[in-house]
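# Observations on the three-dimensional arrangement
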Amino acid sequence: MKRLSTILVILIVVVTLTVGCANILDGYFYLITPHVAPPYEREPVEQISVSDIDEFKEILINMVIEHETEAQILYHHFGNEDIGAEVEQVAEQIMRYHPIGAYAVANITVTATRIVTYFEVDVVIEFSRTIEELEEIITVVAERHLMRELLDAMGHHTEQVVFRSTLQLTEEAVAEKVRQLYYENPSLIVMLPFVTLESFPEEGNDRIYVIQFGFIYASAMMGRFSGMLSLYIEQNAERITGDTDPLRLLSLVRNLIASIEFEEGPARTISVHGAQNFSATAYGALVRGRAVGEGFAMAFKALSDEIGFDNRIVLGYLDGLIHAWNIVYLDGYFYHIDVAMSAVYGLEKAFLKSDYEFEAMGYEWDRENTVISDGPLSLGDILALEEPDYYEYEYPYDDTENAEGNEEVYNEQDNQAPDEPVEEPQNPTYETPYEEPENEPQEEG
């Protein structure tokens, strides 16, 4: 029995050695060692030496501007002041009152440790804005610069623009500037945006202003609308004919009348100028072919800018309803022209009119801040230039292009009146040729 036990032990040892050697020869073996975590080592930070609190403050501001998050400042100080409280106060001031600090910083932590003859101040800055956002801040020093930057932002349908300026801006003032740019540049700005304004800090001479523009369509879609509007302005401008300014102006107005339908429904429901409604835009008038008075005026202004006429939009009222039209400079004088009403009632109704004539027809506007319109030309004068023989005889007025159907009033042979009496023309009456437009599906943005 003892001998058998000895043999079994020898066999187990042989098998174990054989298998173990085979695993080693095959490259399979395990070596287990305990894991020891390396000691934490702080990333080295820049060390900067300063000698007073003003230098410390300047370093802190530069860190904020450069979007640096950590630094170690060696404050060589030999006074008795509480340096810890002093540097914390500086950090608080930068976060509250410095434009970049108020705009971009979430928190600044400063820890002061005395090292014999100096203090070691560790600074950690947490930012609420990215470095890219800081790089997008535009410095504005004058109002004309501000207007140029606002126009560029709206022309590209940017949703937000950030300025740093000493100009004292309010939300109302910025909204008025945006409104002014919109009506002066209908070919660049498709719709008048909503405007909101934030300032950092809330008070002070030097501030950062965040201006946000709101549209009912996404920025990319507004860009598509803008591209289409530019194309239609170019195409319509190519249709203008005439070898003099009066004839070109008449051609321009006629083309607008022929290509745009007056929308009576929206005209009675839109209650503010600059509403984000296609009917009140140059895009609605030229691309969609339907507009209210403001849309006609914006399209007229856009095309006038394209071909070189001095054209200004007038915001006012007609018979108590909100309305818009244009004042145009022609041969040394200003004239009122309402293309929408000319489309509804005929050219004679509202083409080349004076202040007095427009007031008599029920128009209301801010006359104190509008140029005086008192030019001597009339529609008949331009028609006479277009057709020199048009007024050789006294024909009753007819607004058709070729004046077809007019009967002669005088005998061509002896320049005498014909034997039979000619009935005197009655004063024309003007009736709206358009019926209430049917409901139609809304266009998708």
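Everything below is about the structure shown above.
Now for a look at the structure at hand. In this text, all values refer to a predicted model and were calculated from it rather than measured experimentally.

Tracing the backbone shows Val-210 in strand 8 (residues 207-214). Here Val-210 falls in the buried class, since its relative accessible area comes to 5%. Measuring from C-alpha to C-alpha, the distance between Val-210 and Gln-160 comes to 7.1 Å, with 50 residues separating the pair along the chain. Sequence-distant contacts of Val-210, that is, excluding residues within four places in its chain, are made with Tyr-103, Gln-160, Val-161, Val-162, Thr-196, Leu-197, Glu-198 and Phe-200.

Ordered by their spatial adjacency, four strands build an open sheet running 5-6-8-7, and the pairing between neighbours is mixed. The sheet is open, and its two borders are formed by strand 5 (138-140) and strand 7 (194-200), each paired with just one other strand. Taken over all neighbouring pairs, the strand axes of this sheet differ in orientation by 30° on average, direction set aside. When strand 6 (residues 160-165) meets strand 8, the two strands line up antiparallel, connected through six bridges. Bridge pairing in strand 8 places Gln-160 opposite Gln-212. Packed on one face of the sheet, helix 7 (residues 171-184) meets strand 7 and strand 8 and runs near 135° to strand 7.

Quick look at the packing of helix 9 (residues 245-259) against helix 16 (residues 379-386) now. Where helix 9 meets helix 16, the closest approach of the two axes is 9 Å, and the angle between their N-to-C directions is 105°. Regarding the angle of helix 9 to helix 16, the classification is roughly perpendicular. Residues Pro-246, Leu-247, Leu-250 and Arg-254 of helix 9 form the contact with helix 16, whose own contacting residues are Leu-379, Ile-382, Leu-383, Leu-385 and Glu-386. In terms of residue class, the contact of helix 9 with helix 16 is built from seven nonpolar, no polar and two charged.

Two elements, strand 5 and strand 6, share three bridges in a ladder whose sense is parallel. Bridge pairing in strand 6 places Ile-138 opposite Phe-163. In terms of handedness, the path from strand 5 via helix 6 (residues 143-155) over to strand 6 forms a crossover that is right-handed.

A large share of strand 13 (residues 333-337) lies buried, amounting to four of its five residues. Relative to strand 13, strand 12 (residues 321-330) runs antiparallel, the two being bridged by five bridges. Note on strand 13: the bridge partner recorded for Val-328 is Tyr-335. If you look at the hairpin formed by strand 12 and strand 13, you'll find two residues sitting between the two strands, and Asp-331 has a positive phi there, around 50°.

It is worth spelling out the nonpolar core at this point. The biggest cluster of nonpolar side chains holds 84 residues, and the ones touching the most others in it are Ile-211, Phe-213, Leu-249, Leu-256, Phe-300, Ile-337 and Phe-351. Among all residues touching Leu-249, those that are not within four sequence positions of it are Phe-300, Phe-309, Val-328, Leu-330, Ile-337, Phe-351 and Leu-352. Residues Val-64, Val-87, Val-90 and Ile-108 belong to the second largest nonpolar core, which totals 36 residues.

With that settled, the discussion passes to the pattern of salt bridges. Two side chains of opposite charge can pair, provided their charged atoms sit close to one another. Under the definition given, this model contains 11 salt bridges. Residue Glu-264 pairs with Arg-268 through a salt bridge whose shortest N-O separation is 3.4 Å. Remark: Arg-268 and Glu-264 occur in helix 10 (residues 264-269); sequence separation between them is four residues, near one turn of the helix. Residue Arg-268 is classed as exposed on the basis of its relative accessible area of 57%. Across the pair Lys-353 and Glu-348 runs a salt bridge whose closest N-O atoms are separated by 4.0 Å. Given a relative accessible area of 13%, Lys-353 falls into the buried group. Taken together, the shared-partner salt bridges connect Asp-355, Glu-359 and Arg-367 into one network.

Thresholds, definitions, all that
Residues numbered from 1 in each chain as written. Predicted model: local features only at pLDDT ≥ 70, side-chain atom pairs only at ≥ 80, totals over all residues. Heavy atoms only, no water. Helix = DSSP H or I, 4+ residues; strand = E, 2+ residues; numbered from the N terminus. Buried < 20%, exposed > 50% of the residue type's maximum accessible area, 1.4 Å probe, protein only. Contact = heavy atoms within 4.5 Å. Pairing = 2+ DSSP bridges. Axes fitted to C-alpha atoms, helices over the stretch in contact; angles between N-to-C directions. Parallel < 35°, antiparallel > 145°, perpendicular 65-115°, else oblique. Nonpolar A, V, L, I, M, F, W, Y, C, P; charged D, E, K, R; others polar. Right-handed = clockwise from strand over helix to strand, strands pointing away. Core = buried A, V, L, I, M, F, W, Y, C linked by side-chain atoms within 4.5 Å. Salt bridge = Lys/Arg side-chain N within 4 Å of Asp/Glu carboxyl O.

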